[in-house]
Amino acid sequence: QVQLVESGGGLVQPGGSLRLSCAASGFTFSSYSMSWYRQAPDKRELVASITSNSGTTNYADSLKGRFTISRDNAKNTVYLQMNSLKPEDTAVYYCGVRRGGINYWGKGTLVTVSS
């Protein structure tokens, strides 16, 4: 069934960059919008989303200009490029999709921004 596997997290210093990847399977990836969420100790929030054809992207207001979501439908993969990272970006990042009225997400990848 639906499977989402995130990778690319790790420890990075403030101002650094990371690229997260999410490998998707179990559904027709190219037909669905994809999203990145993050879970910090205080809250869960939508980071970014992208439509099936990459025509439209949305970002949390605080992340515009620093984060970029993209996808490669041929690889069934969605990416999150994170630049100028700040300590407050520290969180577990999850890849998500809504299919058949159900929200699916992966197990997440931890991003820690610390000096």
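This text follows the structure it describes.
Predicted model, so just to flag it, every value in this text is computed and none were measured.

Some thoughts on the state of the cysteines
Here a disulfide denotes one covalent bond, and it connects the sulfur atoms of two cysteines.
Okay, so step 1: If you walk through the whole model with that rule in mind, you get one disulfide.
Okay, so step 2: Each disulfide pairs two cysteine sulfurs, and for Cys-22 the partner residue is Cys-95, the sulfurs being separated by 2.2 Å. In this structure the cystine formed by Cys-22 and Cys-95 twists about its S-S bond by roughly -80 degrees; its chirality is therefore left-handed. In this pair, Cys-22 sits in strand E3 (residues 18-25) while Cys-95 sits in strand E9 (residues 91-99), placing the two residues 73 residues apart along the sequence.

Here we look at the pattern of salt bridges
Okay, so step 1: The full count for this structure, using the stated rule, is five salt bridges.
Okay, so step 2: Salt-bridge contacts for Glu-45 lead to Arg-38; the nearest nitrogen and oxygen are separated by 2.6 Å.
Okay, so step 3: Given the relative accessible area of 6%, Arg-38 is considered buried.
Okay, so step 4: One salt-bridge network, in which partners are shared between bridges, spans Arg-38, Lys-43, Glu-45, Arg-66 and Asp-89.

Describing the layout of surface pockets
Okay, so step 1: In this structure, the largest pocket encloses a volume near 250 Å³.
Okay, so step 2: The wall of the largest pocket is formed by 13 residues, among which Tyr-37, Gly-96, Asn-103, Tyr-104 and Trp-105 lie closest to the centre.
Okay, so step 3: Of all the elements in the fold, those that place two or more residues in the lining of the largest pocket are strand E4 (34-39), E9 and strand E10 (102-105).

Here's the deal with the packing of aromatic side chains
Okay, so step 1: Counted according to the given criterion, the structure contains two aromatic pairs.
Okay, so step 2: Between Phe-27 and Phe-29, the aromatic rings sit 6.3 Å apart at their centres with planes inclined by 50 degrees, giving tilted as the arrangement. The same class applies to Phe-27 and to Phe-29, which are both buried.
Okay, so step 3: Taken together, a centroid distance of 5.7 Å and an interplanar angle of 80 degrees make the contact between Phe-27 and Tyr-32 edge-to-face.
Okay, so step 4: Accessibility expressed as a relative area gives 10% for Phe-27, which makes it buried.
Okay, so step 5: Through pairs of rings, three or more aromatic residues link up here, namely Phe-27, Phe-29 and Tyr-32.

What counts and how
- Residues numbered from 1 in each chain as written.
- Predicted model: local features only at pLDDT ≥ 70, side-chain atom pairs only at ≥ 80, totals over all residues.
- Heavy atoms only, no water.
- Disulfide = S-S within 2.5 Å.
- Helix = DSSP H or I, 4+ residues; strand = E, 2+ residues; numbered from the N terminus.
- Salt bridge = Lys/Arg side-chain N within 4 Å of Asp/Glu carboxyl O.
- Buried < 20%, exposed > 50% of the residue type's maximum accessible area, 1.4 Å probe, protein only.
- 1 Å grid on protein atoms, 1.4 Å probe; cavity = no way out; pocket = protein on both sides within 12 Å on 5 of 7 lines; lining within 4 Å.
- Points joined across faces, edges and corners; volume = space filled by probe spheres on them.
- Phe/Tyr/Trp six-rings, centres within 6.5 Å; stacked < 30°, edge-to-face > 60°.

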